[in-house]
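Okay, here's what each chain looks like letter by letter:
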Amino acid sequence: MKKVYRGLLMLMMLSFVFLLGACGAKSISESNVLDKIKENDKMIWGVKYDTKLFGLMNIEKREVEGLDIDIAKEITKRLLGDEKKAEFVEVTSKTRIPLLKNGNIDAIIATMTISDERKKQVDFSDVYFDAGQSLLVKKGSDIKSIDDLKAGKIVLAVKGSTSAVNVRKKAPDVTVLELENYAEAFTALQSGQGDAMTTDNSILLGMASENPDYELVGGNFTEEPYGIAFNKGQTDLVNEVNRLLSDMKKDGTYDKIYKKWIKD
């Protein structure tokens, strides 16, 4: 009888522990991130620190600057009343989705292309910037367009980006070398480890503007619409950000930010 009692007691304790675990296992996607942002009175953004014009760390000021940053600040100001309530965490193309999934950040605004594959992992806002993939080469290069990427040529790209996937589709015979971030990829191009670098034209234009020995060639060979990414299931937050983006475009704030960074 005592053995039966002890067995029942043990079963009840295990059931209780399991129940506590189940209650505490509520995933990030099931919680309401918009409510959390308002409760904590801050919004944590995943941004690039190495992408001129969009997200680049200003060493002297010790702050990150760019179009993505200004849009994030404006959304935060409209949501929480003060742009200083925007906090920024550095991400790369490889780390941004894992950091979002783990709850380290509330949203990603980091030159992130909206794609069907990524939609399986995250939800996106409306498009906030239309970009296109291109090639950056040293002036005088025999590479003039995507058609010149033949066997024996090496193209530099960034890990976790759509650029590496796209260039392999467009130029299947080329060798693609993937680096951790844009700074490493451009350094590799400068040191002769590759014949061309590929990513969105907006990013490459920022590099060319500071390095006159390099130029974009061949025009764009893809369409790369940028969106703000959120954890799956965050409908309230996605809708609110889309509303704020729409308001920014209607009242001219978006155009002001765009013209500040992108010189057409």
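Residues numbered from 1 in each chain as written. Predicted model: local features only at pLDDT ≥ 70, side-chain atom pairs only at ≥ 80, totals over all residues. Heavy atoms only, no water.

(A) Looking closely at the overall build of the protein chain. The helix and strand tally for the protein chain stands at nine helices and 15 strands. Per-residue burial over the protein chain gives 47% buried out of 264 residues. In the protein chain, 70% of the contacts between residues at least 6 apart in sequence involve partners at least 24 apart. Carbon and sulfur atoms provide 52% of the accessible area of the protein chain, an area that totals close to 13900 Å². (Helix = DSSP H or I, 4+ residues; strand = E, 2+ residues; numbered from the N terminus. Buried < 20%, exposed > 50% of the residue type's maximum accessible area, 1.4 Å probe, protein only. Contact = heavy atoms within 4.5 Å. Areas by Shrake-Rupley, 256 points an atom, 1.4 Å probe, with all protein chains shown as cover.)

(B) Inspection of the pattern of salt bridges at higher detail. For the structure on display, the rule yields 17 salt bridges. The residue Lys 42 makes a salt bridge to Glu 87 at a minimum N-O spacing of 3.8 Å. One end of the pair, Lys 42, is in the loop between helix 2 (33–40) and strand 1 (43–47); the other, Glu 87, is in strand 5 (residues 86–90), and 45 residues separate them in sequence. Between Glu 74 and Lys 77 there is a salt bridge whose closest N-O contact spans 3.5 Å. Within this pair, Glu 74 and its partner Lys 77 are both found in helix 3 (residues 67–80), separated by three residues, close to a single helical turn. A relative accessible area of 10% means that Glu 74 is categorised as buried. Since its relative accessible area comes to 36%, Lys 77 is described here as partly exposed. (Salt bridge = Lys/Arg side-chain N within 4 Å of Asp/Glu carboxyl O.)

(C) Looking closely at unusual backbone geometry. With a phi angle near 60°, Asp 41 is a residue other than glycine that sits in the positive phi range. Topologically, Asp 41 is positioned in the loop between helix 2 and strand 1. Here Asp 41 falls in the partly exposed class, since its relative accessible area comes to 35%.

(D) Quick look at the nonpolar core. With 50 residues, the main nonpolar core has Trp 45, Ile 71, Met 197 and Ile 228 as its most contacted residues. When residues in this core are grouped by element, the largest group, seven residues, is from helix 3. For this core, the domains that each give at least three residues are domain 1 (33–130 + 226–261) and domain 2 (131–224). In contact with Ile 71, other than residues within four places in its own chain, are Ile 109, Tyr 128, Leu 245, Met 248, Tyr 254 and Ile 257. (Core = buried A, V, L, I, M, F, W, Y, C linked by side-chain atoms within 4.5 Å. Domains from an automatic or database assignment.)

(E) Quick look at the packing of helix 3 against helix 9 (residues 253–261). The geometry of helix 3 relative to helix 9 is characterised by a closest axis approach of 9 Å and an angle of 155° between their N-to-C directions. Here helix 9 runs roughly antiparallel to helix 3, going by the angle between their axes. Classified by chirality, the crossing of helix 9 by helix 3 is right-handed. Residues Leu 67, Asp 70, Ile 71, Glu 74 and Arg 78 of helix 3 pack against Thr 253, Tyr 254, Ile 257, Tyr 258, Lys 260 and Trp 261 of helix 9. (Axes fitted to C-alpha atoms, helices over the stretch in contact; angles between N-to-C directions. Parallel < 35°, antiparallel > 145°, perpendicular 65-115°, else oblique. Left-handed = near helix turned anticlockwise from the far one by under 90°.)

(F) Structural view of the packing of aromatic side chains. One pass over the full model with this rule turns up seven aromatic pairs. Both rings, one in Tyr 254 and one in Tyr 258, keep their centres 6.2 Å apart while their planes meet at 35°; by these two values the pair is tilted. Of this pair, Tyr 254 and Tyr 258 both sit in helix 9, four residues apart, which is roughly one turn of the helix. Members of the aromatic cluster, joined through ring pairs, are Phe 54, Tyr 128, Phe 129, Tyr 226, Tyr 254 and Tyr 258. The ring of Tyr 254 is capped by Lys 249, whose NZ or CZ atom sits 5.6 Å from the centre of that ring. (Phe/Tyr/Trp six-rings, centres within 6.5 Å; stacked < 30°, edge-to-face > 60°. Lys NZ or Arg CZ within 6 Å of the ring centre and 35° of its normal.)

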